[in-house]
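# Architecture at a glance
Residues per chain, in single letters:
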Amino acid sequence: MLRRRAALVAAAVLSAGLAGCSGGTVLPERAAPTPPPKATTPAPRVPTGHAPTESFVVGVRQLKLNRDGDRALPVTVWYPARGAAGGAPERSAAAAAGRFPVVMFSHGLGARPEDYQLLLGRWAAAGFVVAAPRFPHTGAGGDGNVLDVLNQPADVSYALTQVLALDAKADDPLHGRLDTERVAAAGHSAGGVTTIGLFTAGRDERLDAGIVFAGTALGVGTAFAGAAAPQLFVHGEADEVVSYASGKAAYDAVPWPKALLSLPKGDHGRALLTDGAALRVVADTTVEFLRWTLYGDAAAKQRLPADATRGGLATLDDHL
């Protein structure tokens, strides 16, 4: 049954334009997973607090992870570091004082974590530790097997476990620097599918919030499950790869506090990769969303609509 489902998923994803690859292998048959718990709708569970007001210098490091011995998952980590803010990320810089929430980021098909450095670096500068695995099949240099997206929610959960464990390692540079109770997931395109999966069939209950860039629920469904986790969707209305309608359909199915940032002239991802006005809107909006959902900063939630619509480049459907 899973083999037939995987084949249907492949056809659907290919028709949506996520990939043009051919000859992808079918996922091995496995027992049907236990249905996830139904979604609940209480208020977000992160206690009220205040996000940092300073801008941090950004440090960057690499982790070499491998799930089950045959799924290499190198992880790039951006984090708040000591020193004067500004400039390129500094490799292995000393971590700043404090405890910082964690954001897991999933890249798109054929991409690398570092392709998103402009955006992810801004998150780190605002006071978040951002960890981005490079997936073995859908990452740059992989075989492009789009079916493997179905395995990626489990990859992210595994990588999250390993990243959070660094907080307790006395000899690790991030020892005592991770707020392991405040965690979000985010992703672009195929990584957006991965992110939705972390709140549906592959629900990771450690996650407090999600951000989906140009994503769709193809293959992972819209059975959002578990404790309420606010979601922010970001989608270009001129997306030539994943239609705006398919992204909005997934957004409409979210039963929790949610918002949709729509870019009327936005394509599939330029606003995430290229410095400019659109990136500033996306970065400012997502930072305020993370400040609210992970730091419990109510003032950030109040600022979010103004940041989202500044300059007239985007509109915000706000149900937060």
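Keep in mind that what you see is a predicted model, and the values were worked out from it rather than measured. (Residues numbered from 1 in each chain as written. Predicted model: local features only at pLDDT ≥ 70, side-chain atom pairs only at ≥ 80, totals over all residues. Heavy atoms only, no water.)

Ranked by internal contacts, the top residues of the largest apolar core, which has 92 residues, are Trp123 and Phe213. Considering every element that reaches this core, the biggest residue donor is helix H7 (residues 277–295), with ten residues. The residues contacting tryptophan 123, other than those within four sequence positions of it, are Val103, Phe105, Phe128, Val130, Ala186, Ile211, Phe213, Thr286, Val287 and Leu290. (Core = buried A, V, L, I, M, F, W, Y, C linked by side-chain atoms within 4.5 Å. Buried < 20%, exposed > 50% of the residue type's maximum accessible area, 1.4 Å probe, protein only. Helix = DSSP H or I, 4+ residues; strand = E, 2+ residues; numbered from the N terminus. Contact = heavy atoms within 4.5 Å.)

Our next topic: the packing of aromatic side chains. Per the counting criterion, the structure on display carries nine aromatic pairs. When the centroid spacing of 6.3 Å and the interplanar angle of 25° are considered together, the rings of tryptophan 123 and phenylalanine 213 count as stacked. Taken as a pair, tryptophan 123 in helix H2 (residues 117–125) and phenylalanine 213 in strand E7 (residues 209–213) lie far apart in primary sequence, 90 residues in all. Phenylalanine 213 shares its class with tryptophan 123; the two are buried. An aromatic cluster is present here, built from Phe105, Tyr116, Trp123 and Phe213 joined pairwise through their rings. Directly above the aromatic system of tyrosine 251 lies the positively charged group of lysine 258, at a separation of 4.8 Å from the ring centroid. (Phe/Tyr/Trp six-rings, centres within 6.5 Å; stacked < 30°, edge-to-face > 60°. Lys NZ or Arg CZ within 6 Å of the ring centre and 35° of its normal.)

We now examine the packing of helix H3 (residues 152–165) against helix H4 (residues 190–197). Relative orientation of the contacting elements H3 and H4 amounts to 70°, with a least axis distance of 8 Å. Regarding the angle of H3 to H4, the classification is roughly perpendicular. For the pair H3 and H4, contact is made by Gln152, Pro153 and Val156 and by Ala190, Thr194 and Gly197, respectively. When grouped by side-chain class, the residues that make up the contact of H3 with H4 number three nonpolar, three polar and no charged. (Axes fitted to C-alpha atoms, helices over the stretch in contact; angles between N-to-C directions. Parallel < 35°, antiparallel > 145°, perpendicular 65-115°, else oblique. Nonpolar A, V, L, I, M, F, W, Y, C, P; charged D, E, K, R; others polar.)

As a further point, take the sheet that holds strand E3 (residues 90–91). If you trace the ten strands from one edge of the open sheet to the other, you get E3-E1-E2-E5-E4-E6-E7-E8-E9-E10, paired in mixed fashion. Only two strands of the sheet have a single partner each, and these edge strands are E3 and strand E10 (315–319). Direction of pairing for strand E1 (residues 57–67) relative to strand E2 (residues 71–81): antiparallel, over a ladder of eleven bridges. By the bridge assignment for E2, valine 57 is matched with alanine 81. In the packing of H2 onto the sheet, the strands contacted are E1, E2, strand E4 (100–106), strand E5 (129–133), strand E6 (178–188) and E7, and the crossing angle to E2 comes to about 50°. Of the strands in this sheet, E1, E2, E4, E5 and E6 are in contact with H3, which crosses E1 at around 120°. (Pairing = 2+ DSSP bridges.)

Most of E6 sits inside the fold, with nine of its eleven residues counted as buried. As defined by bridge partners, E4 adjoins E6 across six bridges and the pair is classed as parallel. Paired with valine 103 across the two strands is alanine 184, which belongs to E6. The pairing of E6 with E7 spans five bridges and is classified as parallel. In the strand pairing of E7, alanine 184 is matched with alanine 209.

Another point: the pairing of E1. Extensive coverage of E1 is indicated by the burial of eight of its eleven residues. Once E1 ends, the chain turns through three residues before running back antiparallel as E2, passing aspartate 68 with a positive phi of about 65°. Strand direction decides the pairing type here: E1 and E3, joined by two bridges, are parallel. Its bridge partner being in E3, glycine 59 is matched across the sheet by glutamate 90.

Next up on the list: helix H8 (residues 298–309). Every buried residue of H8 is accounted for by Ala300, Leu304, Asp307 and Ala308. When H8 is viewed along its axis, its buried side chains cluster within an angular range of 90° and face the same direction. Of the surrounding elements, those touching the buried residues of H8 are strand E9 (258–263), H7 and E10. Measuring from the backbone nitrogen of alanine 299 back to the side-chain oxygen at the start of H8 gives 3.1 Å, which picks out aspartate 297 as the cap. Positive backbone phi, at 85°, marks glycine 311, one or two positions downstream of H8. (Arc of directions from axis to C-beta. Polar contact = N/O pair within 3.5 Å; in protein donor to acceptor, adjacent residues only side chain to side chain.)

Attention now goes to the packing of H7 against H8. One can describe the packing of H7 onto H8 by two numbers: an axis separation of 8 Å at closest approach and a directional angle of 160°. The angle between H7 and H8 places the two elements in the roughly antiparallel class. Classified by chirality, the crossing of H8 by H7 is left-handed. Across the interface between the two elements, Val281, Asp284, Thr285, Glu288, Phe289, Arg291 and Trp292 from H7 touch Ala298, Ala300, Lys301, Arg303, Leu304, Asp307 and Ala308 from H8. A breakdown of the residues in the contact of H7 with H8 according to their chemical character gives seven nonpolar, one polar and six charged. (Left-handed = near helix turned anticlockwise from the far one by under 90°.)

Before going further, it helps to examine the confidence of the model for the chain. Per-residue pLDDT for the chain has a mean of 89; in total, 85% of the residues score no lower than 70. Scored below 50 in pLDDT, residues 1–16 makes 24 contacts in the model with residues more than four places away or belonging to other chains. Confidence drops under pLDDT 50 across residues 19–34; counting only partners more than four residues distant or on other chains, this segment forms 22 contacts. (pLDDT = per-residue confidence, 0-100.)

It is worth spelling out the pattern of salt bridges at this point. Two side chains of opposite charge can pair, provided their charged atoms sit close to one another. In the structure shown here, the tally under the stated rule is 17 salt bridges. Among the salt bridges present, the one from aspartate 155 reaches arginine 71, with a minimum N-O distance of 2.6 Å. Taken together, the residues aspartate 155 in helix H3 and arginine 71 in strand E2 connect sequence positions 84 residues apart. By relative accessible area, aspartate 155 is classed as buried at 0%. Using a relative accessible area of 8% as the deciding quantity, one classes arginine 71 as buried. In this structure, a network of salt bridges that share partners links the residues Arg67, Asp68, Arg71, Asp148 and Asp155. (Salt bridge = Lys/Arg side-chain N within 4 Å of Asp/Glu carboxyl O.)

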